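What follows is the residue order along each chain.
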Amino acid sequence: MSRTDPTFESPARLRVEMTSDWHVGAGVGRPGDVDRLVARDRDGLPFVPGKTLTGMVRDAAERLVAALPPAWAPWLDHLFGSQPARGEGPPSGAPRPAAVSIRAARYPESLRRSLAARGVEERDALTFVRPGVAIDAATDAARGKQFRTVEYARRGSVLHATLTFRDLDATPIQRAAASALVVASLRLVERLGGRRRRGGGRCSVTVSGVDAATAIDWIEAHLDSPPAPPPPPASAPLSSAAPDASAPPPADDPWVDVPFVLELELPVAIPVRRVGNVTETLDFVPGTYLLPHLTRVLAALDPHAPTHVRRGDVRVSPATIEIDGTPGAPAPRCLAVVKESAGFAARGGVVNRLAGAPFGEPLKAVRGGFVGAAAPDRLPRHEATAVTTRTHNVVEDRAQRPNAEVGGVYTYEAISDRHRLRGTISVRGALADRLPDGWWERIGGRLAVGGSEKDDYGAVRLRPERPRHRDVGSASDIEEGGTFVVWLRSDLLVRNDRLVYDATVDAVRHALGRVLWADVPEAAGDLIVEEAYVETRRLDSWHRRWNRPRPSILAMAGGSVIRFRTERRIPGAALASLRHEGLGERRAEGYGAVEIDPPWLLGDLDGRDPAPDAESVDAEGGETAP
């Protein structure tokens, strides 16, 4: 690399040296002790969240771009993303995602390990408590009842963060322009955190591989002639494949399954709805978030792969918490725990309402969590997803404090990074045979998934395992008058006669009839619902390119259980096909996975022992960190 080239490799290492005491607040205090605590990471050490660091770098970039020629202005939105909530830009324009991802700044790994081994006292020595009061402007004296204590981290701290460029299609000169602007902006970041205008939070931020003087020289050389290059355009959608891949797959084309592990390096926020200023999260990662990555990888290996994805020859199951080395399945809603019992951790603590509930026993329905594989004569292990919450704020530029007009204070729920998630990628055998050897290994790597995935959330590592051919197996016929149980292992999307998504039991009954008796349209009337324990889930999403919300979708939630009686013979081949092909729409994204007659749900669970080392878990959900 030449002295005049400001380009640095991505991901780059940022070094944040604090030259004064600093306070990046957690937004909470410790009653009776400290009014304002510093934000701490999972190791209990002070850190600078990625949102805070990104906001300071963007603020510095705005000041820098304001002093440069107009040709540099488009780079601001390209690097840090547009801000449609502030009314900037045309209202019909699609919001532009950020090309720069800055993660949280933390103490070095070696220091974190050392402090973890030494104990709490050494870790607490990194912070101290400073008293303070509010001063009355009229009397220049302390106001009454305004004494407070604020926790600070000590000066001399050296933190490290990572900065990643995500504009993969940039040319070398565009990469140099982006690097120069970022490095020069980092040089302008001199303070961060609370009380930074009164001596706190002084810092120096540098990037490995290039210094600020090189970046400034490069920008000065491109002020007039040659001018700054334009930023690369927004990424284009994948092109369609050739027509020879558009024919429907053979009915007997088997599936190749690639199990995968999703290791969470940061909490993952999967927004499902907003309640006030709190954005709630799902307790699993839908296949929708992983399918784009898989499509890009397969498209690089086979130009026809995008068409196969649209046709449904590639499917990604939801990634759920790992239980005993297998993906957890949504807990069947037909289960209930006996109140005042240990639930899944005790013999007789779980009731299968399909087999009849004991008279007089107060029951509490199982409405959350996941279950592992059930061993013979044992209850399955039941675990709930641990959810953490973090509060953030949006700083209004003029007032330099959170303001409701620009978003104010908001809270994200997220899946805790203490979990490992598991799922399965399924590829049709014909497509798998066309891919080069070892194609499944190319799927692995670091990804960013979910909401706010460019800073404090969503960093995961995908680890695929060796593929295996799925054994389709067989199923016995169900004669007239027979019953069978359908357990949804993922959310189900079906449409009614008006082509509207419908999550009612009747809509599922009609969809099931069309699959079991494809040649007899009116056969759904021969399916009779005996019992149903179902829940629904509303799905809302946003179309980035249209800059519009997609229509709300109502799905039958995973874990729902329905028992049917049939007045018409059901062929075993149709049941086997239903089990392996699924039901409903958007199965490529993991929807519509069903299980038919799971053995452990067909009888009473009262005599079953708990799983080894099973713990009592609240059926309503996981833990919530303060």
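A quick note: this is a predicted structure, and the numbers were derived from the prediction, not measured.

### Some words on the packing of helix 1 (residues 50-66) against helix 5 (residues 172-188)
- Contact geometry of helix 1 with helix 5 gives a least axis separation of 8 Å together with a crossing angle of 105°. As judged from the angle between their axes, helix 1 and helix 5 are roughly perpendicular. In this structure, helix 1 uses Val57, Ala60, Ala61, Arg63, Leu64 and Val65 to contact helix 5, whose residues at the interface are Leu181, Ala184, Ser185, Leu186 and Leu188.
- Its residues assigned to classes, the contact of helix 1 with helix 5 comprises nine nonpolar, one polar and one charged.

### Observations regarding the pairing of strand 29 (residues 536-539)
- Side chains Arg537 and Leu539 of strand 29 all project onto a buried face; the interleaved residues Thr536 and Arg538 project onto a face where none is buried.
- The sheet contact formed by strand 29 and strand 32 (residues 553-556) spans four bridges and is antiparallel. When the sheet's bridge partners are listed, Arg538 is paired in strand 32 with Leu554.

### Quick look at the sheet that holds strand 5 (residues 158-165)
- Pairing in this open sheet of four strands is antiparallel, and the strands run 2-5-1-6 from one edge to the other. Strands with a single pairing partner mark the edges of an open sheet, and in this sheet they are strand 2 (100-102) and strand 6 (203-207). Strand after strand, the sheet turns through a mean of 25° between neighbouring axes, direction not considered.
- Bridge count between strand 1 (residues 12-18) and strand 6: five bridges; the pairing is antiparallel. By the bridge assignment, Leu14 is partnered in strand 6 with Val207.
- In the packing of helix 5 onto the sheet, contacts are made with strand 1, strand 2, strand 5 and strand 6, and the angle to strand 5 comes to roughly 155°.

### Structural notes on the environment of Ala212
- Inspection of the secondary structure puts Ala212 in helix 6 (residues 212-221).
- C-alpha separation for the pair Ala212 and Ala177, spaced 35 residues apart in sequence, amounts to 13 Å.

Calculation rules
Residues numbered from 1 in each chain as written. Predicted model: local features only at pLDDT ≥ 70, side-chain atom pairs only at ≥ 80, totals over all residues. Heavy atoms only, no water. Axes fitted to C-alpha atoms, helices over the stretch in contact; angles between N-to-C directions. Helix = DSSP H or I, 4+ residues; strand = E, 2+ residues; numbered from the N terminus. Parallel < 35°, antiparallel > 145°, perpendicular 65-115°, else oblique. Contact = heavy atoms within 4.5 Å. Nonpolar A, V, L, I, M, F, W, Y, C, P; charged D, E, K, R; others polar. Buried < 20%, exposed > 50% of the residue type's maximum accessible area, 1.4 Å probe, protein only. Pairing = 2+ DSSP bridges.

Function cannot be read off these values alone, since they describe shape.
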